[in-house]
Amino acid sequence: MKKLMLIGRVAAGKTTLTQALRGEEIKYFKTQYVNYLDTVIDTPGEYTERRETSGALALYAYEADVVGLVLSSNEPYSIFSPCLTSMVNREVIGIVSGIDKPDGNVERVTRWLKLAGCKKVFPVSSITGEGIKELADFLNDDTDKKPTKPIVKKPTVEKREEPKKNGQLDTWLL
């Protein structure tokens, strides 16, 4: 399974999504620190919202296979700037949480995540379970992790010998 790092503002639904993905009982608690679990890295929303702590997210992103930008379906604005994903050297997906909220606007939030650079966007509800299976299936899909052989090019060596005036040969490797 790919390790997923969740990034989003306070109350975006990151911890609830973590519980849903792990098959745990959904119960609220405030994430106070980076919660490094077996398959998910759950980050506090303050790390995203505050410039002083946002650098820690970049460091933790190196530990993840996939970075998930989480926006709640009823967000009034996006905290993720356009083309944000171009600065991340991991696959970045968008996650629209709380799609069961009556005041949610999934289409608008999906547009914001695509504008940030997310190629794949998963609408989910941790409460009803809608979309959780699709996200879990994506994280369980290891077909893109094909074993690769490193490409090692052997340097081409040309050997040239030139006679010296004293009758010996000089050997040059080019």
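Residues numbered from 1 in each chain as written. Predicted model: local features only at pLDDT ≥ 70, side-chain atom pairs only at ≥ 80, totals over all residues. Heavy atoms only, no water.

Our focus in this paragraph is the sheet that holds strand 5 (residues 91-97). Judged by pairing direction, the sheet is mixed, and its six strands sit side by side in the order 2-3-1-4-5-6 without closing on themselves. The open sheet has two edge strands, strand 2 (35-36) and strand 6 (121-123), and neither has a second partner. As judged from the three bridges shared by strand 1 (residues 4-7) and strand 3 (residues 40-42), these two strands associate in the parallel manner. From the neighbouring strand, Met-5 faces strand 3, where its bridge partner is Ile-41. (Pairing = 2+ DSSP bridges. Helix = DSSP H or I, 4+ residues; strand = E, 2+ residues; numbered from the N terminus.)

Here we take up the pattern of salt bridges. All told, the structure shown has seven salt bridges when counted by the stated rule. The shortest N-O distance in the salt bridge between Glu-46 and Lys-30 comes to 3.1 Å. Of this pair, Glu-46 sits in helix 2 (residues 45-49) while Lys-30 sits in the loop between helix 1 (14-21) and strand 2; the two residues are 16 residues apart in sequence, bridging distant segments of the chain. Classification of Lys-30 by relative accessible area gives partly exposed; the value is 28%. A salt bridge links Glu-52 to Arg-50; its shortest N-O distance comes to 3.4 Å. (Salt bridge = Lys/Arg side-chain N within 4 Å of Asp/Glu carboxyl O. Buried < 20%, exposed > 50% of the residue type's maximum accessible area, 1.4 Å probe, protein only.)

Once that is clear, we can look at the pairing of strand 1. Of the two faces of strand 1, the one lined by Leu-4 and Leu-6 and the one lined by Met-5 and Ile-7 are each fully buried. Summarising the sheet, strand 1 and strand 4 (residues 66-72) pair through four bridges and their orientation is parallel. Note that in strand 4 the partner of Ile-7 across the bridge is Leu-69.

Okay, the nonpolar core next. Met-5, Ile-7, Leu-69, Phe-80 and Leu-113 are the most contacted members of the largest nonpolar core, which totals 20 residues. Going through the elements one at a time, strand 1, helix 3 (51-61), strand 4, strand 5 and helix 4 (106-116) are the ones with two or more residues in this core. Residues in contact with Ile-7, not counting those within four places in the same chain, are Lys-14, Thr-43, Thr-48, Leu-57, Val-67, Gly-68, Leu-69, Val-70 and Phe-80. In this structure, Leu-6, Leu-17, Ile-93 and Ile-132 belong to the second largest nonpolar core, which totals 18 residues. (Core = buried A, V, L, I, M, F, W, Y, C linked by side-chain atoms within 4.5 Å. Contact = heavy atoms within 4.5 Å.)

With that settled, consider the packing of aromatic side chains. By the definition in use, this model includes one aromatic pair. Note that Lys-2 overlies the ring of Phe-138, its terminal NZ or CZ placed 4.3 Å from the centroid. (Phe/Tyr/Trp six-rings, centres within 6.5 Å; stacked < 30°, edge-to-face > 60°. Lys NZ or Arg CZ within 6 Å of the ring centre and 35° of its normal.)

Glancing now at the confidence of the model for the protein. Taken residue by residue, the protein gives an average pLDDT of 87. The fraction at 70 or more is 86%. Residue range residues 146-155 is modelled with pLDDT below 50. Its contacts to residues more than four positions away, or to other chains, number zero contacts. (pLDDT = per-residue confidence, 0-100.)

This paragraph deals with helix 4. Within helix 4, the full set of buried residues consists of Val-109, Thr-110, Trp-112, Leu-113 and Ala-116. Burial along helix 4 is one-sided: seen end-on, the buried residues are contained in an arc of 160°. In this structure, helix 4 carries Glu-107, Arg-111 and Leu-115 as exposed residues pointing more than 90 degrees from its buried face. Contacts from the buried residues of helix 4 go to strand 4, strand 5 and strand 6. Among the residues trailing helix 4, Gly-117 stands out with phi positive, at a value near 115°. (Arc of directions from axis to C-beta.)

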